[in-house]
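# Architecture and fold: a report
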Amino acid sequence: MPAPIADQLRAVCGPEGVLDEPVQLLTYECDALPHLRQMPAVVTLPRSAAEVQAIVRLCAREGVPFVARGHGSGLSGGALPVPGGVVISLARLNRVLEVDIPNRQVTVEPGVTNLEITRQVAPFGYYYAPDPSSQQVCSIGGNVAENSGGAHCLKYGFTVHHVLQVEAVMPDGELVTVGSPMADGPGPDLLALLVGSEGTLAVVTKVVVRILRRPETVQTLLAAFDSPRAGGEAVSQIIAAGIVPAAVEMMDALAIKAAEAAVHPNFPPADTVLIVELDGPASEVTELFEVVDAICRRTGASTVEVARDEAHRMRIWRGRKAAFAAMGRVSPNYYVQDGVVPRTKLPEVLARIRALSERSGLGIGNVFHAGDGNLHPLICYDESVPGQAELAEKVAGEILGYCVEAGGSITGEHGVGADKKHYMPRMFSDDDLDAMQRLRDAVDPRRLCNPGKVLPTPRLCGEVPGPYRQHPIEKAGLGERF
Amino acid sequence: MAASAALRPGVEADAVDGVVPGAVAEPGTPEQLAAVLAEASSAGRTTVVRGGGTKLGWGRVPARVDLLLSTARLAPVVVHRDGDLTATVSAGVSLADLNRQLAAKGQWLPVDSAFAGATIGGMLATNDAGPLRHRHGTARDLLIGVRLALTDGRLVKAGGTVVKNVAGYDLGRFVTGSFGTLAVIVEATFKLLPVPHASSTLVTAYASAEVLAANAAAIAASQIEPLACDVHVPAAGRPSLLVRFASSPAATRAQAATARTMLVGETEELSGDAERVRWTGQVQAAWAGQAAVVRLSWMPARLAEVLRLVEDLRGRTSGALTLTARAIVGTGLLSVGGTPREQAAVVEHLRARTDLVGHVALLRGGRELKAAVDVWGQAPSAQAALEALKRTFDPAGILNAARGPV
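On to the overall build of chain A, then. Per the secondary structure count, chain A includes 17 helices and 19 strands. Taking 482 residues into account, the globule formula puts the C-alpha radius of gyration at 23 Å, and chain A, at 22 Å, falls close to it. Principal-axis analysis of the C-alpha atoms places the extent of chain A at approximately 70 × 60 × 45 Å. Taken over 482 residues, chain A has a buried fraction of 59%. Nonlocal contacts in chain A, meaning residues at least 24 apart in sequence, comprise 73% of its contacts between residues at least 6 apart.

Along chain B, the regular secondary structure elements total 13 helices and 19 strands. Taking the principal axes of its C-alpha atoms as reference, chain B extends roughly 65 × 55 × 35 Å. Every one of the 406 residues in chain B was classed for burial, and the buried ones make up 59%. In chain B, once contacts between residues fewer than 6 apart in sequence are set aside, the share between residues at least 24 apart is 70%.

One finds Ile379 of chain A together with Leu148, Ala216 and Val294 of chain B to be the most contacted residues of the largest nonpolar core, which totals 287 residues. Considering each element in turn, this core owes the most residues, eight residues, to helix H14 (residues 388–405) of chain A. If near-sequence neighbours (up to four positions away) are discounted, Val294 of chain B is found in contact with Leu334, Val336, Val347, Leu350, Val360, Ala361, Leu362 and Leu363 of chain B.

Residues and elements named next belong to chain A. If you trace the five strands from one edge of the open sheet to the other, you get S5-S6-S10-S8-S9, paired in antiparallel fashion. At either margin of the open sheet sits one strand with a lone partner, and together these are strand S5 (96–100) and strand S9 (175–179). Adjacent strand axes in the sheet meet at a mean angle of 15 degrees, parallel and antiparallel pairs treated alike. Bridge count for strand S6 (residues 105–108) against strand S10 (residues 203–210) is four bridges, and the pairing is antiparallel. Residue pairing across strands places Thr107 opposite Val208, the latter belonging to S10. Packing of helix H3 (residues 49–62) onto the sheet brings it into contact with strand S8 (163–169), S9 and S10, and relative to S10 it is tilted by some 140 degrees.

Another aspect to go through is the sheet that holds strand S14 (residues 240–247) of chain B. The strands that make up a sheet pair up through hydrogen bonds in the backbone, lying either parallel or antiparallel. Residues and elements named next belong to chain B. Across the sheet, eight strands lie side by side as S15-S12-S14-S13-S17-S18-S16-S19; this open sheet has antiparallel pairing. Every interior strand has two partners, whereas the edge strands, strand S15 (266–270) and strand S19 (357–364), have only one. Adjacent strand axes in the sheet meet at a mean angle of 20 degrees when their direction is disregarded. Here four bridges tie strand S13 (residues 228–233) to strand S17 (residues 321–326), and the two strands are oriented antiparallel to one another. Its bridge partner lying in S17, Val231 is registered against Ala325. In the packing of helix H9 (residues 272–284) onto the sheet, the strands contacted are strand S12 (198–205), S13, S14, S15 and S17, and the crossing angle to S12 comes to about 60 degrees.

A few words on helix H4 (residues 114–121) of chain A. All names here are of chain A. Burial in H4 covers these residues: Asn114, Ile117 and Val121. Take H4 and look down its axis: the buried residues cluster within an arc of 60 degrees, on one side only. On the buried face of H4, the contacting elements are S5, S6, strand S7 (126–127), helix H5 (140–146) and S10.

Each partner contributes residues to the interface: chain A has 71 residues there, and chain B has 69 residues. Elements with a minimum of two residues in the side of chain A that touches chain B: S9, helix H7 (190–194), helix H8 (228–240), helix H10 (282–298), helix H15 (424–427) and helix H16 (430–443) of chain A. The element that contributes the greatest number of residues to the side of chain A that touches chain B is H16 of chain A, accounting for eight residues. Here the side of chain A that touches chain B is composed, by residue class, of 32 nonpolar, 24 polar and 15 charged.

Attention now moves to the environment of Gly328 of chain A. Structurally, Gly328 of chain A can be placed in helix H12 (residues 323–330). When the C-alpha atoms of Gly328 of chain A and Ala261 of chain A are compared, they prove to be 9.8 Å apart, with 67 residues separating the residues in sequence.

All names here are of chain A. For Asp184, which is not glycine, the phi dihedral falls at a positive 60 degrees. Relative to the helices and strands, Asp184 resides in the loop between S9 and H7. The phi torsion at His264 lies on the positive side, around 45 degrees, for a residue other than glycine. Using a count of 12 C-beta atoms within 10 Å as the deciding quantity, one classes His264 as exposed.

Residues and elements named next belong to chain A. With seven of seven residues buried, S8 lies mostly within the body of the structure. Bridge count for S8 against S10 is six bridges, and the pairing is antiparallel. Bridged to Ala168 within S10 is Val204. Sheet topology places S8 next to S9; five bridges connect them, and they run antiparallel. Directly across from Ala168, in S9, lies its bridge partner Val176.

Glancing now at the packing of H16 of chain A against helix H13 (residues 383–393) of chain B. Contact geometry for H16 of chain A and H13 of chain B: axes closest at 8 Å, N-to-C directions at 140 degrees. Pair H16 of chain A / H13 of chain B crosses with right-handed handedness. Across the interface between the two elements, Arg438, Leu439, Ala442 and Val443 of chain A of H16 of chain A pack against Ala385, Ala388, Leu389 and Thr392 of chain B of H13 of chain B. Along the lines of polarity and charge, the residues of the contact of H16 of chain A with H13 of chain B split into six nonpolar, one polar and one charged.

The next thing to look at is the confidence of the model for chain A. As a general rule, the predicted coordinates of low-pLDDT regions are not to be interpreted in detail. Residue and element names in this part refer to chain A. Mean pLDDT over chain A: 92, with 94% of residues reaching 70 or higher. Every residue in residues 459–468 scores below 50 in pLDDT, and together they form 19 contacts with partners more than four places removed in sequence or on other chains. Predicted confidence is poor over residues 471–482, with pLDDT under 50, and the contacts of this stretch with residues over four places away or in other chains come to 30 contacts.

The next thing to look at is H14 of chain A. All names here are of chain A. For H14, with 18 residues, the first-to-last C-alpha span of 26 Å sits near the 26 Å given by 1.5 Å per residue. Listing the buried residues of H14 in full gives Gln388, Ala389, Ala392, Val395, Ala396, Ile399, Leu400, Tyr402 and Cys403. Along the axis of H14, the buried residues cluster in a sector spanning 155 degrees; they form a single face. In the core, the buried residues of H14 are packed alongside strand S16 (333–336), strand S17 (339–340), helix H13 (346–360), strand S19 (374–381) and H15. Positive backbone phi, approximately 90 degrees, marks Gly407, located one or two places after H14.

Residue and element names in this part refer to chain A. Side chains of S16 alternate between two faces, with Asn333 and Tyr335 and Tyr334 and Val336 buried alike. Relative to S19, S16 is paired through four bridges, and the arrangement is antiparallel. When the bridges of S19 are listed, Asn333 appears paired with Tyr381.

All names here are of chain B. On the secondary structure map, Leu37 appears in helix H1 (residues 30–43). Of the residues examined, Leu37 has 31 C-beta atoms within 10 Å and is grouped as buried. When neighbours within four sequence positions are excluded, Leu37 is seen to be in contact with Leu69, Ala149, Thr151, Gly153 and Val184.

All names here are of chain A. Two elements in contact, H8 and H13, have axes separated by 9 Å at closest approach and are oriented at 160 degrees. It follows that H8 is roughly antiparallel to H13 by the angle criterion. For the pair H8 and H13, the crossing hand works out as right-handed. Residues Pro228, Arg229 and Gly232 of H8 form the contact with H13, whose own contacting residues are Leu346, Pro347 and Leu350. Of the residues that constitute the contact of H8 with H13, the class distribution is four nonpolar, one polar and one charged.

Another aspect to go through is the confidence of the model for chain B. For chain B, per-residue confidence averages 96 on the pLDDT scale, and residues scoring 70 or more make up 99% of the total. Our summary of model confidence lists the complex with pTM equal to 0.95 and ipTM equal to 0.97.

Here the focus is the environment of Gln101 of chain B. All names here are of chain B. Tracing the chain through its elements places Gln101 in helix H2 (residues 95–103). Distance from Gln101 to Val293, taken between C-alpha atoms, is 31 Å for residues 192 residues apart in sequence. Setting aside its immediate chain neighbours within four residues, Gln101 contacts Val78 and His80.

Calculation criteria
Residues numbered from 1 in each chain as written. Chains lettered and ligands numbered in written order. Predicted model: local features only at pLDDT ≥ 70, side-chain atom pairs only at ≥ 80, totals over all residues. Helix = DSSP H or I, 4+ residues; strand = E, 2+ residues; numbered from the N terminus. Rg over C-alpha atoms; globule rule 2.2 N^0.38 Å. Buried ≥ 20, exposed ≤ 12 C-beta atoms within 10 Å, placed from the backbone. Contact = placed C-beta atoms within 7 Å. Core = buried A, V, L, I, M, F, W, Y, C linked by C-beta atoms within 7 Å. Pairing = 2+ DSSP bridges. Axes fitted to C-alpha atoms, helices over the stretch in contact; angles between N-to-C directions. Arc of directions from axis to C-beta. Nonpolar A, V, L, I, M, F, W, Y, C, P; charged D, E, K, R; others polar. Left-handed = near helix turned anticlockwise from the far one by under 90°. pLDDT = per-residue confidence, 0-100. Expected span 1.5 Å × (residues − 1). Parallel < 35°, antiparallel > 145°, perpendicular 65-115°, else oblique.

Written out as structure tokens, the structure is:
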């Protein structure tokens, strides 16, 4: 990387807006998937859309690849820098621009955190629905890139259902507005294409989201079962009864044990626990909650614990949300996987995972969104034992194979990024992937915008595959994996 | 070329906005359809895709149509995975047929169509929606996977059959609203919903647009959760608000009772057949007769001003004006009677009110009206990217050439 580009970038962002000392760059060499690391040449910290545009224009002119980065909480290496490339950190574009309660919309810059939107509108009785478990730290720009979900997406959908408009800098440097704060604009849905494109089609500089009225009532129960099959049967009957819960979460024995050790949620000692949450108008929730309670008992729940109040509810959720980080209590290291299966295939795939655990000798905890079939197997290993880290990675890959064979997906919410692009051919044919590559080339013909992500390419030299390691932020308990 | 289905000459009944296509292809398989499409692309034949043909007139008047490519003969496959709340359906299946099949297991795809034969493919291509979009959004929001025939003859898929999936680009949502300009949708997979056990609708007539709008705003700000909240402004007489609840019987009753306390006007409660008839009427109202139909949107909080604007517009045409709209979402259909010149004046006036309304698109209109005003109105932002994508997917520029929004 010749010095002049850093100087040119300084002319755009000012001297304090450009980092190119190796020690400064360290923070940016990975996101929350720290086994993939790459030093960028330069990190920029723009303060406005105009600066982002000037940076992208400069990169386009000089043929330098660039990678947009939010708060670095991504779990697929989507913000992994490119050798010799520029990182565009959007952390300083962090203003809430407009809170419009009458129209139920909020306009923010991409560096605003997910939870900050809810904080802004909570006094008016509203909230922003997508709730990834990293919501305290993750940026809305990153949510747009990854089409983030959360525990409540069974009922409320994903980021793509809640973003109305974005302002973005296209790879050629054009600043565009995509989507509309008004409904039903004609033409292809370019906004839906940008949401979830993992930063490969544009750099988002402004986001308009819709907000929802807080539900009148929320009720949560925790039911204990003696097998995932029994818990799965309860979920099937809830769905068959025509009930769409706000959340349905399941944890197995190893995950329960870890959660107990870490945050003491006082879960019953069971093979499987099921958390079911209903929300909505009081009349509806009260009536349907009784049905859910009865189904759990009928399908063999040994105990059914109903949250008495908000504190009790939060304790149940704390046990669930802490499950990932808690794995550190029962295993020196763990690898978190993100795969999806059709909900009805859960028992079958869980049985295969159990067999794989026995065969490989590695403990595998399961924490998952049972309503939508999104699995998060936690593969336990000890990196001080030679070969175990590699084995864990192999086991994680095998689980993705089970998901695809069951008709599912290699990622439900963490994204493909740099981490899973080599698994894409398991889900998609060459023709499918070629269509996606041509789409990408139409928007970014010079392949400068977050190259090397999403679609399989020969590995870049800086990309060294390796086992999962805990991120410092996670280790410090500041972030969690969901 | 041998793989392709036989072509037949177009006849009057195949006409697209009065233009008879040179040939019609009705392939029986996605593979055949893709082969026909590839041939048309190589030969530079302008191609219009047809599902049920119920919205075929939407778009600019074509200069010529070389090929009408129909999905009608594709095998009507419906794979309903009721335990997973998903269904995969071939594009030529009608929404009504799909919902009849899903109903056997107490589920549905909650999207409205005003047209009896509307197909899944056409519904996605136009992203057409009705009152149910209040709670469930448009078909775009329920789509989880798609299979497309591309102009190079390939069949590709995006998304999948699971409700949660972020692998790869979302080509499915991208082609919703594309009006057959990028690819041919041959199959789609949707997330489904359980059919509510009970339903009830409050219809309130108002003397004042302001009170109607204030009541709609109160419903929006409350914690009751209607399935639909529509406004109906008839050609003559008082406007009304239609609020529909659908849940368990007790919850439906309780919410309707709460809503009644917020509605200041003459309210009647409908259920059963009377309710069904009323909503069918609401969905179809804009399309009755032969008036021009304009779709428009606005910021939700400005409903009262939009209702006043509609009243003002009555002075610009000798024909009838009706509005059927989503009161809380802020979008609806304006049916505009009168002479083509008067209709054009109404469209132009709406487009001039950029301070209040947007996305003013002429969905149905006679040739004279379409000659006077552009069907789509303002070009979208990010036009360079959209054009690049159009060139990539349709390099010969044959798909709905010059008719669609891109």
